[in-house]
Each structure stands twice: as C-alpha cells, then as structure tokens.
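Each chain, written out:
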Amino acid sequence: RQQCPMHPPPPPPLPKADGGQEKDLNLPYTLEKVDGGNYCVTYTVPRDVAGRLVGRPVAANGGLFDLKQVRIDGQQRLQTVFFSPKPEKTADAIGKVLCKRMALEDPDVECSIS
C-alpha cells in the first residue's frame, strides 16, 4: 500500500528512558497566579539549551506562548505569562512541547514527569 505524499505517516512517539511513550514527557515547573487572573509558569531547564528554546514561541492548546530567560536561585529558567481557565493543563502542554524540542536537539537530555 502506497502512502499519499500529501499525508505522510505521523512520526513515532518519542521514547522515555523507562520505555514509556512521549505523552508522559514534561518539565518540572512552578505555577503562580499573577495580576488580572493571569498565571506565570516557570520551567527549570539545562543552561545550555535555554537560549535555543526561547528563540521560537511555543504553540500549545490553541495559543502561542513567548518565553523569556530568567535566573532564579542560580538556575536557568524559562517563564511565560498567560490566561487560562485550566492553567495546569496549559503549563503541562507548554512543558511537553519544550521537552520534545530538547529531546530533538539533544538526545542525552531526559525529561520526566514533574
């Protein structure tokens, strides 16, 4: 059976270190309510990939999220502020995209459930 060139097959899911599938991948984060009903999510990332991750907005849950680099307690972090009726789901979705980007750029970077 030939595959339609307009609809290539989806890529296989990214494997986890424990043999699970990519749906469980995420980055550790903190979520804080800020003014106006917005939320600020802060992800801890390896210092050497932070600059590459802020170069492109993250598309997740129907929105685009711009990230900025911050240094908190001597660690490199990424932050974005957003409004969402389900902020934990939005933070998880953004973290999964970041984790996939890190895995594609550096196969030695492991992501785990936060």
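Above this text is the structure in question.
Each value, and the rule that gives it
Sequence order as written defines the numbering, with residues in each chain counted from 1. Given that the model is predicted, a residue must reach a pLDDT of at least 70 before its local features are reported, and side-chain atom pairs must reach 80 or more before they are shown or counted; all residues, however, enter totals for whole chains, interfaces and linings. No hydrogens and no water enter the side-chain calculation; it runs on all heavy atoms of the structure. Each helix is a run of H or I in the DSSP string that is no shorter than four residues. Each strand is a run of E no shorter than two, and both are numbered from the N terminus. Type-normalised accessible area, obtained with a 1.4 Å probe on protein chains alone, sets the label of each residue: buried when under 20%, exposed when over 50%, and partly exposed for intermediate values. What sets the accessible areas is the Shrake-Rupley method with a 1.4 Å probe; for residues, cover comes only from the shown protein chains. For this analysis, a polar contact is any N or O atom pair within 3.5 Å, provided that within protein one partner can donate a hydrogen and the other can accept it, and provided that sequence-adjacent residues contribute only side-chain to side-chain pairs. Here, residues are in contact when the closest pair of their heavy atoms is within 4.5 Å. At least two bridges found by DSSP between two strands is the condition for calling them paired. All axes are obtained by fitting lines to C-alpha atoms, using only the stretch in contact for helices, and the reported angles, taken between N-to-C directions, cover 0 to 180 degrees. Classification of ring pairs rests on two measures: the distance between centres of Phe, Tyr or Trp rings, Trp counted by its six-membered ring, which must be within 6.5 Å, and the angle between planes, read as stacked under 30 degrees, edge-to-face over 60 and tilted in between.

**Q** What's the story with the overall build of the protein chain in this structure? I'm lost.
**A** Assigned secondary structure in the protein chain consists of 2 helices and 6 strands. For the protein chain, the sequential pattern of α-helices and β-strands runs β-β-α-β-β-β-β-α. Out of the 114 residues in the protein chain, the part that is buried amounts to 32%. With the model as given, the accessible surface of the protein chain reaches about 7,600 Å², and the carbon-plus-sulfur share is 52%.

**Q** What am I meant to see in the side chain of Ser-84 here?
**A** Among the secondary structure elements, Ser-84 is positioned in the loop between β6 (75-82) and α2 (87-105). Only 3.1 Å separates the side chain of Ser-84 from the backbone nitrogen of Lys-86, close enough to count as a polar contact. In terms of polar contacts, Ser-84 uses its side chain to reach the side chain of Thr-90, at 2.8 Å. Residues in contact with Ser-84, not counting those within four places in the same chain, are Tyr-39 and Thr-90.

**Q** It is not clear to me how the side chain of Arg-101 should be interpreted in this structure. Could you clarify?
**A** Mapped onto the secondary structure, Arg-101 falls in helix α2. Classification of Arg-101 as buried rests on a relative accessible area of 13%.

**Q** Would you take a moment to explain the sheet that holds strand β2 (residues 39-44) for this structure?
**A** Backbone-to-backbone hydrogen bonds pair the strands of a sheet. The strands run either parallel or antiparallel. The strand order β1-β2-β6-β5 describes an open sheet built from 4 strands, whose pairing is antiparallel. Of all the strands in the sheet, the pair left with one neighbour each is β1 (29-33) and β5 (68-72). Each strand axis lies, on average, 30° off the axis of its neighbour in the sheet, ignoring direction. Here β2 runs beside β6; their pairing, made up of 6 bridges, is antiparallel. Note that in β6 the partner of Tyr-39 across the bridge is Phe-82.

**Q** What exactly am I supposed to notice about the pairing of β2 here?
**A** Summarising burial for β2: 5 of the 6 residues are buried, a large majority. Relative to β2, β1 runs antiparallel, the two being bridged by 5 bridges. The residue of β2 that forms the bridge with Lys-33 is Tyr-39. Linkage of β1 to β2, two consecutive antiparallel strands, is achieved through a turn of 5 residues, within which Gly-36 is found at a positive phi near 70°.

**Q** I tried to follow the packing of aromatic side chains on my own but got confused; where do I start?
**A** Any aromatic ring pair is given by two values, namely how distant the centres are and how the planes are angled relative to each other. Summed over the entire model, instances satisfying the criterion amount to 3 aromatic pairs. Aromatic rings pair up to connect Tyr-39, Phe-65 and Phe-82 into one cluster.

In short, the description is geometric, and any link to function would need to be established separately.
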